[in-house]
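Close look at the chain arrangement
Residue strings, one per chain:
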Amino acid sequence: MKGIVDCHTHVGLADVHVGGELMADLIRCWGKPLWHVPLEQHAADMEAVDRAIVLAFDAPDIGVQVPNEYVAAYVAQHPERFIGFASVDPKRPRAPYILEDAVKRLGLRGLKIAPIYQHFDPNSAKAYALLEAADALKIPVLWHQGTTFVRDAPLIHARPVLLDEVATRFPELRMWVAHLGHPWYEELVATIRKHPHMYADMSALHPRPMQYYFAMMSAVEYGVTDKLFFGTDYPFTTVEGSLQGLRDINRVVEGTGMPRVPEAVIEGIIHRNTLALLGLV
Ligand SMILES: [Zn+2]
């Protein structure tokens, strides 16, 4: 398929890479261990897109460790399809060096971080040390800057507006925020509008169609829809479901006088030149 990049996909096996608090809360909230992705399954399901970003995840505080080495070995089998991103908990000793090694030795090409899961303040010295390394390596950074169902996850570090100061400090760093910063999409839109190299993905929002519509209309009204990427947050949603959900976004206002998200905006997101904007091609 045809010019589509999924900028947000996970791998990892239940009880091997994903356990602890996160798995307990997945089962508490969803009734099953949703995060269990054999690599063959990921490769098959990602046939629906041309390219996909595959994320490591280093969040030992909540029981998740999808190692950089594991992702690097996987994407190396499919170099024409997949791009691997490292993840480093900024609280680790020598975190900047771990990132540098993941890029230079393992061939990973970006950084995934998540203050709410890794228990750090985005404007702390440890965070800045890691971001300085990303900036020097000229790699993009994906932030989970939004809420979660996980209990042991401080909301105080999760607000999109916290990245305003980060982007001011690192003006050349390519960054994007997952899930339009849900539920704080207005903060997200205000933040990415200010900073030329800040973007967002719309992954995993379509199961909340009302919020999705208002978040997207907010992006339309502030003129930032050209900064939105297509992503799934696989395995939490599928490519097909995410495409359908985006193309159906106006369904909640059918038969009303409410404005519609323009078709050109929808197709623009689906066919975004995401990898070029992130400096990955
Ligand atoms: Zn995700």
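The structure this text deals with has already been given above.
Worth saying up front: this structure is predicted, and the values here are computed from it rather than measured. (Residues numbered from 1 in each chain as written. Predicted model: local features only at pLDDT ≥ 70, side-chain atom pairs only at ≥ 80, totals over all residues. Heavy atoms only, no water.)

**Some details on the side chain of lysine 112**
You can see lysine 112 is positioned in strand S6 (residues 111–113). For lysine 112, which is buried and forms no salt bridge, the nearest opposite charge comes from aspartate 233, at a distance of 5.9 Å. In this structure, lysine 112 is in contact with His8, His10, Leu55, Ala56, Phe57, Phe85, Ala86, Ser87, Val88, Gln118, Leu142 and His144, ignoring residues within four places of it in sequence. (Helix = DSSP H or I, 4+ residues; strand = E, 2+ residues; numbered from the N terminus. Buried < 20%, exposed > 50% of the residue type's maximum accessible area, 1.4 Å probe, protein only. Lys, Arg positive; Asp, Glu negative; His and termini not counted. Salt bridge = Lys/Arg side-chain N within 4 Å of Asp/Glu carboxyl O. Contact = heavy atoms within 4.5 Å.)

**Observations concerning the sheet that holds strand S2 (residues 51–55)**
Ordered by their spatial adjacency, eight strands build an open sheet running S1-S2-S5-S6-S7-S8-S9-S10, and the pairing between neighbours is parallel. Two strands close off the open sheet at either side, each with one partner strand: strand S1 (5–10) and strand S10 (228–229). Pairing analysis gives four bridges linking S2 to strand S5 (residues 82–87), with the strands arranged parallel. When the bridges of S5 are listed, isoleucine 53 appears paired with isoleucine 83. Docked against the sheet, helix H7 (residues 162–169) engages strand S7 (141–143), strand S8 (175–177) and strand S9 (198–201), running at close to 170° with respect to S8. (Pairing = 2+ DSSP bridges. Axes fitted to C-alpha atoms, helices over the stretch in contact; angles between N-to-C directions.)

**Considering unusual backbone geometry**
Of the consecutive residues histidine 182 and proline 183, the connecting peptide bond is found in the cis state with omega at 0°. Within the secondary structure, proline 183 sits in the loop between S8 and helix H8 (185–194). With an omega of 10°, the peptide bond between tyrosine 234 and proline 235 qualifies as cis. Of note, aspartate 15 is a non-glycine position whose phi angle comes to about 70°, a positive value. A relative accessible area of 69% means that aspartate 15 is categorised as exposed. Positive phi is not limited to glycine here, since histidine 119 has a value of about 55°. Residue position: histidine 119 is located in the loop between helix H5 (115–118) and helix H6 (125–137).

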